[in-house]
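# Results of the structural survey
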Amino acid sequence: MSKGINRLKCPIQRRTANMFKKNRKFEIDDVRERGFWDKCMSAYEEAINEASRPWAPWYAIPVDNKPFMRVAVAEIIVKILTKLGLEYPHVGFEVKTKFSEMWRMLENED
């Protein structure tokens, strides 16, 4: 048939032709491999669990929703930083007494 996609009489034929034109990389093997989805996901989960350690955990974060991804990453970072129990360093009395002198030196640099 030598007619172009736009010359097909039926709108369904045009949509079908457009679908195949846009999905030219879609192959029958893609459909067959869907049957292995559960096995693939199990293997993926097992690999993550085996590679993850308490001192170096791995996180699986979906990236198809960027706002969710960013919140998930931020929550992980906050959780880890909180567990570290970080505090500002203690400044001794001797250093505190020198602060005003240091400020004067900095202000007079110009």
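Residues numbered from 1 in each chain as written. Predicted model: local features only at pLDDT ≥ 70, side-chain atom pairs only at ≥ 80, totals over all residues. Heavy atoms only, no water.

### Some points on the overall build of the protein chain
Test applied: Secondary structure elements are taken from DSSP: a helix is a run of H or I of four residues or more, a strand is a run of E of two residues or more, and numbering for both begins at the N terminus. Throughout this description, buried means an accessible area under 20% of the type-specific maximum (1.4 Å probe, protein chains only), exposed means over 50%, and partly exposed covers the range between.
Counting its secondary structure elements, the protein chain contains five helices and zero strands. Along its sequence from the N terminus, the protein chain presents helices and strands in the succession α-α-α-α-α. For the protein chain, with 110 residues in total, the buried portion stands at 5%.

### Comments concerning a nonpolar patch on the surface
How we decide: What makes a patch is a set of residues exposed beyond 30% relative accessible area and free of salt bridges, joined within 9 Å when like-charged and within 5 Å when nonpolar (Val, Leu, Ile, Met, Phe, Trp, Tyr). Accessible surface is estimated by sampling points in the Shrake-Rupley manner with a 1.4 Å probe; for residues, cover comes only from the protein chains shown. One side-chain nitrogen of Lys or Arg within 4 Å of one carboxyl oxygen of Asp or Glu is enough to make a salt bridge.
Together, Y59, V73, I77, I80, L81, L84 and L86 give the surface a local cluster of nonpolar side chains, amounting to about 660 Å² of exposed area. According to the relative accessible area criterion, I80 is partly exposed, its value standing at 38%.

### Observations regarding helix α4 (residues 66-83)
For clarity, the threshold we go by: By definition here, a helix of n residues has an expected span of 1.5 Å times n minus one.
With 18 residues, α4 extends 26 Å from end C-alpha to end C-alpha; this agrees with the ideal 26 Å at 1.5 Å per step. G85 sits one or two residues past α4 and shows a positive phi near 65°.

### Let's talk about the pattern of salt bridges
One pass over the full model with this rule turns up one salt bridge. The salt bridge involving R32 is made with D29; its shortest N-O contact spans 2.9 Å. Of this pair, R32 and D29 both sit in helix α2 (residues 28-33), three residues apart, which is roughly one turn of that helix. Note on R32: relative accessible area 54%, which makes it exposed. With a relative accessible area of 37%, D29 lands in the partly exposed category.

### A short note on the confidence of the model for the protein chain
To be explicit about the condition: Residue-level confidence of the predictor is summarised by pLDDT, bounded by 0 at the bottom and 100 at the top. By definition, residues are in contact when any of their heavy atoms lie within 4.5 Å.
On average, residues of the protein chain score 81 in pLDDT, and 75% of them reach the 70 mark or higher. Taken element by element, the predicted model of the protein chain shows its lowest mean pLDDT in helix α1 (residues 11-22) (61) and its highest in α4 (94). A low-confidence stretch, residues 1-6 stays under pLDDT 50, and its non-local contacts, those more than four residues away or across chains, total seven contacts.

### Re the environment of N49
As for its placement among the helices and strands, N49 is situated in helix α3 (residues 37-51). As for N49 and Y59, which are separated by 10 residues in sequence, their C-alpha atoms are 9.5 Å apart.

### Things to note about the side chain of S52
For clarity, the threshold we go by: We define a polar contact as two N or O atoms separated by no more than 3.5 Å, with the added condition that, inside protein, one atom must be a possible hydrogen donor and the other a possible acceptor, whereas residues neighbouring each other in sequence contribute only through side-chain atom pairs.
Topologically, S52 is positioned in the loop between α3 and α4. A polar contact is formed between the side chain of S52 and the backbone nitrogen of W58, at a distance of 3.0 Å. In contact with S52, not counting residues within four places along its chain, are P57 and W58.

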